[in-house]
Amino acid sequence: MANYRPFDVVIVGAGPAGLALGTLLRPEQRVLVLERRASLARTPPIGESLPGAAAVLLQRLNLMAAFQDAGHRERGAAVSVWDDDKPVWRDAIQDPAGPGWYLDRREFEQMLRLRAQDVGVTLGEGCKQVDIRHRQGQWYLDTTLGSFRAPVMIDATGRSGYLGRQLGLRRDADDPLLCLYSFLDQAAESQDATMRIQADARGWWYTVPLPQGQRVLAYHMDVDDPLCRQLLRHPDAFLARAREHALLAEVLERVAPPVYAVDRRVLPCWK
Ligand SMILES: Cc1cc2nc3c(=O)[nH]c(=O)nc-3n(C[C@H](O)[C@H](O)[C@H](O)COP(=O)(O)OP(=O)(O)OC[C@H]3O[C@@H](n4cnc5c(N)ncnc54)[C@H](O)[C@@H]3O)c2cc1C
């Protein structure tokens, strides 16, 4: 066991959760964060809306100034058409924590990554395999980047729940949703900063403007809805269907046809 490099905490997964936690645990703890990806993803991960309440966390991470300089976009009002045809507006001024932001998500993750490294978190990227064992109060990890041990190990692998699965935990997916989403290029930077939510007979849409002239358009529906396959085969139909709703059409006039990504969105429950 002598060749297992010792840490106080090993975190698996360098998403926002793993990086923020690793930063907060330093300098008291020796922290290793292991990440499967070798570098930041070229396409941004989905998840761009950050509520104003997150400012408290950014301050604790000593990141507020860097965050404000990074060009994230301030959120506007939220407008939704849900169980009534009449749009319901919720102005950001009603939120005591402030309006929040639409993130440049790659920039955001890069900021968290640099901060973690600045405070002395050891970041192991490109870690393809992690095998774990627990013995006498220590976790032993054999990985493609070497062997490590720590009394505390944290699963921050997001929905993949990699460590949970290795420990034999079973995830129950209750009423799984599927999210079909695309980052759309807009002909001109939209002045409209609203978050638009529109329900229809099959599911619900969501669109917000992103920094640097992009927009995200997402459609959530039941995993087993055959419409999903149909829309996947015909990206133009995805946009056309969204434009059937006046609330969405207003902001989807001059966008380029979509290139897809699909994501399963489930409410996880570990057993
Ligand atoms: C469709 C959709 C829309 C969303 N929209 C929003 C939004 O608007 N706002 C919001 O706040 N959140 C949103 N989310 C939630 C989003 O998941 C979070 O923003 C955030 O990404 C969660 O952070 P995390 O660090 O927990 O997990 P993740 O960001 O998923 O990070 C997990 C990390 O673990 C790594 N990893 C996975 N397996 C392994 C392994 N075996 N070994 C090593 N590393 C591994 C992954 O590569 C990744 O870097 C959305 C999610 C979905 C699916």
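Predicted, not measured: the structure shown is a model, and the values here were computed from it. (Residues numbered from 1 in each chain as written. Predicted model: local features only at pLDDT ≥ 70, side-chain atom pairs only at ≥ 80, totals over all residues. Heavy atoms only, no water.)

1. Some remarks on empty space enclosed by the protein
Sizing a probe to match a water molecule and rolling it over the atoms shows the empty space that remains. Here is the rule: The distinction between a cavity and a pocket rests on a 1 Å grid over the protein atoms alone: a 1.4 Å probe fits inside a cavity but cannot get out, while a pocket stays open yet meets protein on both sides within 12 Å along at least five of seven lines, and a residue with an atom within 4 Å of a point counts as lining. Grid points are joined across faces, edges and corners, and a volume is the space filled by probe spheres set on the points. Throughout this entry, Asp, Glu, Lys and Arg are counted as charged residues, while Ala, Val, Leu, Ile, Met, Phe, Trp, Tyr, Cys and Pro are counted as nonpolar. The remaining residues, Gly among them, count as polar.
Under the counting rule described, the total for this entry stands at one cavity of 30 Å³ or more. The volume enclosed by the largest cavity comes to roughly 50 Å³. Partitioned by chemical class, the residues of the lining of the largest cavity number three nonpolar, one polar and five charged.

2. Here's the deal with the nonpolar core
What counts is decided by this rule: Residues enter a nonpolar core if they are buried and are Ala, Val, Leu, Ile, Met, Phe, Trp, Tyr or Cys, with the set joined through side-chain atoms within 4.5 Å. Only protein chains enter the area calculation, which uses a 1.4 Å probe; residues under 20% of their type maximum are buried, those over 50% are exposed, and those in between are partly exposed. Strands are runs of DSSP state E lasting at least two residues, helices are runs of H or I lasting at least four, and both sets are numbered from the N terminus onward. Should any heavy atoms of two residues lie within 4.5 Å, those residues are counted as being in contact.
One finds Leu50, Leu58, Phe67 and Phe108 to be the most contacted residues of the largest nonpolar core, which totals 24 residues. For this core, the elements supplying multiple residues, two or more each, are strand E2 (9–12), helix H1 (16–25), strand E3 (31–35), helix H2 (54–60), helix H3 (64–69) and helix H4 (105–118). Counting residues per element, this core draws most heavily on H4, which supplies four residues. Those residues in contact with Phe67 that lie beyond four places of it in its chain are Leu50, Leu58, His72, Trp101, Leu103, Phe108 and Met111. The next biggest cluster of nonpolar side chains, apart from the first, holds 17 residues, and it includes Trp205, Tyr219, Leu231 and Leu239.

3. Overview of helix H6 (residues 226–233)
Within an α-helix, residues lying three or four positions from one another point in the same direction, as the helix has 3.6 residues per turn. The condition that has to hold: Throughout, the arc means that of the directions going from the helix axis to the C-beta atoms.
All buried positions along H6 are accounted for by Leu227, Cys228 and Leu231. In an axial view of H6, the angular spread of the buried residues amounts to 105°, which keeps them on one side of the axis. Those residues of H6 that are exposed and aimed more than 90 degrees away from the buried face are Pro226, Arg229 and Arg233.

4. Some remarks on the site of the ligand
Applicable threshold: Only a single heavy atom is needed: when it lies within 4 Å of a molecule or strand, its residue is near that molecule or strand. Polar contact is defined as a pair of N or O atoms within 3.5 Å, subject to the rule that within protein one atom must be able to donate a hydrogen and the other to accept it, and that residues adjacent in sequence are counted only when both atoms are side-chain atoms. Residue burial considers only the protein chains on display, and all accessible areas are found by Shrake-Rupley using a 1.4 Å probe.
Close to the ligand lie 24 residues; Ala17, Glu35, Ser49, Arg105 and Tyr162 are nearest. Taking Pro16, its main chain carries an N or O atom lying 3.2 Å from an oxygen atom of the ligand. Interatomic distance of 2.7 Å between a side-chain N/O atom of Arg105 and an oxygen atom of the ligand. Coverage of the ligand by the protein amounts to 77% of the 980 Å² it exposes when considered alone. Its residues assigned to classes, the shell around the ligand comprises nine nonpolar, seven polar and eight charged.

5. Section: the packing of aromatic side chains
Geometrically, a pair of aromatic rings is defined through the distance of the ring centres and the angle of the planes. What counts, and what does not: Pairing of aromatic side chains requires ring centres within 6.5 Å, counting the rings of Phe and Tyr and the six-membered ring of Trp. Pairs whose planes differ by under 30 degrees are stacked, by over 60 edge-to-face, and all others tilted.
Scanning the entire structure with this criterion turns up eight aromatic pairs. Arranged with centres 5.2 Å apart and planes meeting at 90°, the rings of Tyr4 and Tyr140 form a pair that is edge-to-face. Residue Tyr4 is found in the segment before strand E1 (5–6), and its partner Tyr140 is found in strand E11 (residues 138–143); the two are separated by 136 residues along the sequence. With respect to burial, Tyr4 and Tyr140 carry one shared label: buried. Through successive ring pairs, a cluster of aromatic residues spans Phe67, Trp101 and Phe108.

6. Looking at helix H7 (residues 235–243)
Phe238, Leu239 and Ala242 are the residues of H7 that are buried. The buried residues of H7 all sit within an arc of 90° when viewed along its axis, so they share a single face.

7. A look at the sheet that holds strand E9 (residues 122–125)
Strand pairing within a sheet occurs via backbone hydrogen bonds; the two strands may be parallel or antiparallel. In plain terms, the rule: Only strands joined by at least two bridges in the DSSP assignment are considered to pair. Think of each axis as a best-fit line through the C-alpha atoms, taken over the contacting stretch in the case of a helix, with angles from 0 to 180 degrees between the N-to-C directions.
One open sheet holds the four strands; their spatial order is E9-E3-E2-E13, and the pairing between them is parallel. The strands lining the two open edges of the sheet, one partner per strand, are E9 and strand E13 (152–155). On average, each strand axis in the sheet is inclined to that of its neighbour by 15°, with strand direction left out of account. Note that E2 and E13 share four bridges and pair parallel. For Ile11, the partnering residue across the bridge sits in E13 and is Ile154. Along the sheet, H1 makes contact with E2, E3, E9 and E13, crossing E2 at roughly 165°.

8. Section: a positive patch on the surface
Just so we agree on the cut-off: Residues form patches when they are more than 30% accessible in relative terms and have no salt bridge. Like charges link within 9 Å. Nonpolar side chains (Val, Leu, Ile, Met, Phe, Trp, Tyr) link within 5 Å. A carboxyl oxygen of Asp or Glu within 4 Å of a side-chain nitrogen of Lys or Arg is what we treat as a salt bridge. Charge counting follows a simple rule: Lys and Arg are positive, Asp and Glu are negative, and His as well as the terminal groups are ignored. Note that the charge is assigned to NZ on lysines, CZ on arginines, CG on aspartates and CD on glutamates.
On the surface, Arg36, Lys128, Arg165 and Arg171 cluster together into a positively charged patch. Along the chain, the position of Lys128 falls in the loop between E9 and strand E10 (130–135).

9. Side note on the confidence of the model for the protein chain
Detail in the predicted coordinates should be disregarded across regions flagged by low pLDDT. The condition is simple: On a range of 0 to 100, pLDDT expresses the predictor's confidence in each residue.
Looking at the protein chain as a whole, the pLDDT averages 90, with 96% of positions reaching at least 70. Here residues 267–271 is modelled with pLDDT under 50, and outside its nearest four sequence neighbours on either side it reaches 16 contacts, counting other chains as well.

10. Description of the packing of H1 against H4
The cut-off we apply is this: For classification purposes, angles smaller than 35 degrees are called roughly parallel, those larger than 145 roughly antiparallel, those between 65 and 115 roughly perpendicular, and all remaining angles oblique. Here is the rule for handedness: rotate from the far helix to the near one, and if that takes an anticlockwise turn smaller than a right angle the crossing is left-handed, while a clockwise turn gives right-handed.
Between H1 and H4, the least distance of the axes is 9 Å, while the angle of their chain directions is 30°. Between H1 and H4, the crossing angle belongs to the class labelled roughly parallel. The element H1 and its partner H4 pack so that their crossing is left-handed. Residue-level inspection shows Pro16, Leu19 and Thr23 of H1 in contact with H4, the latter providing Arg105, Phe108, Glu109, Leu112, Arg113, Arg115 and Ala116. Here the contact of H1 with H4 is built from residues that sort into five nonpolar, one polar and four charged.

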